[in-house]
Amino acid sequence: MGNLLLFAMLGAIFYYVFKSYSKYEKYSKEAFKDFSISYDSLKRSELGLFVALAAKVAKADGRVDALEAELVSNMLDDISKVFPEPQKTKDIFKQIFNEEKDNNNNIEHLAHALSQATKRSKAMQQQFMQFLIQLAFADGEVSKSEEKVLATIAEAMQFDPQTYHAIFDQFEKMMHNINPKSTLEDAYKVLGVSQNDDMETIKKAYRKLVRQYHPDIIKSQGKSEAYIKEATQKTQEINSAYEMIKKARG
């Protein structure tokens, strides 16, 4: 019952976030078919700037936890697929992420650059900001350091403060008020594994399910709220089950 309530709340939050974003300028293979793949060109691109900012948010509290790592890995797969040479592109994006995650001296510069690169589309800026907020809440709460990084990005992007706080406050309220209850048996069922399976098998099942159900930042462009709702609910359910099993096994 607790899980059902949590999923309903998550769905309501993402419905609120996305209900006004029905039209996006889409990233597609056609748009990037003539893009020259190099470290410099990708780092200057708006998706490269976004990857760099995602790195700041993911590492803001000092570590990148399991779900953050999976979401970032899947996000890099998603955005790399629209470029020529997807594997080369992903490798470069991963390099950018790893370089930027420990550098907090250029947050304002990167956020301002992303704002300028996407100034033609406020909806696109909102989509990026929403994903960064979602990433910060991946572990269930936002630390003071994560909140500071998010606020710095929002200010440098000149993101509407009312919209930012509305999205952030809704997530915060939901996380503080919901305390889902589930049994260990339920957790194993969610991941489709047995209590006799070792942790390596369970981890592989977890990663496969997160990849299957994660909110895809590319596919979400122009999708209905139902897509975002289902993806988010399943991702949270999967992570909750995995964390419960890890804790039970010490």
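A quick note: this is a predicted structure, and the numbers were derived from the prediction, not measured. (Residues numbered from 1 in each chain as written. Predicted model: local features only at pLDDT ≥ 70, side-chain atom pairs only at ≥ 80, totals over all residues. Heavy atoms only, no water.)

Undergrad: Talk me through the nonpolar core; I want residue IDs and the actual numbers.
TA: Core analysis: the largest hydrophobic core is formed by 65 residues, its most contacted members being F93, M129, L132, L150, I153 and L191. Element by element, the count of residues in this core is highest for helix α3 (residues 46-59), at 10 residues. Three or more residues apiece are contributed to this core by two domains, here domain 1 (38-177) and domain 2 (180-250). (Core = buried A, V, L, I, M, F, W, Y, C linked by side-chain atoms within 4.5 Å. Buried < 20%, exposed > 50% of the residue type's maximum accessible area, 1.4 Å probe, protein only. Helix = DSSP H or I, 4+ residues; strand = E, 2+ residues; numbered from the N terminus. Domains from an automatic or database assignment.)

Undergrad: Please give an account of the pattern of salt bridges that cites residues and values.
TA: Applying the stated criterion across every chain yields a total of 10 salt bridges. Taking the shortest distance from any N to any O, the salt bridge between R120 and E46 comes out at 3.4 Å. Of the two residues, R120 sits in the loop between α6 (107-117) and α7 (122-136) while E46 sits in helix α3, which places them 74 residues apart along the sequence. R120 gets classed as partly exposed once you look at its relative accessible area, which sits at 48%. According to the relative accessible area criterion, E46 is buried, its value standing at 13%. Residue D77 pairs with K90 through a salt bridge whose shortest N-O separation is 2.7 Å. With D77 in helix α4 (residues 66-80) and K90 in helix α5 (residues 86-100), this residue pair connects regions lying 13 residues apart in the sequence. Across the pair, exposure class does not vary: D77 and K90 are buried alike. Because the salt bridges share partners, they merge into one network encompassing K43, K56 and E100. (Salt bridge = Lys/Arg side-chain N within 4 Å of Asp/Glu carboxyl O.)

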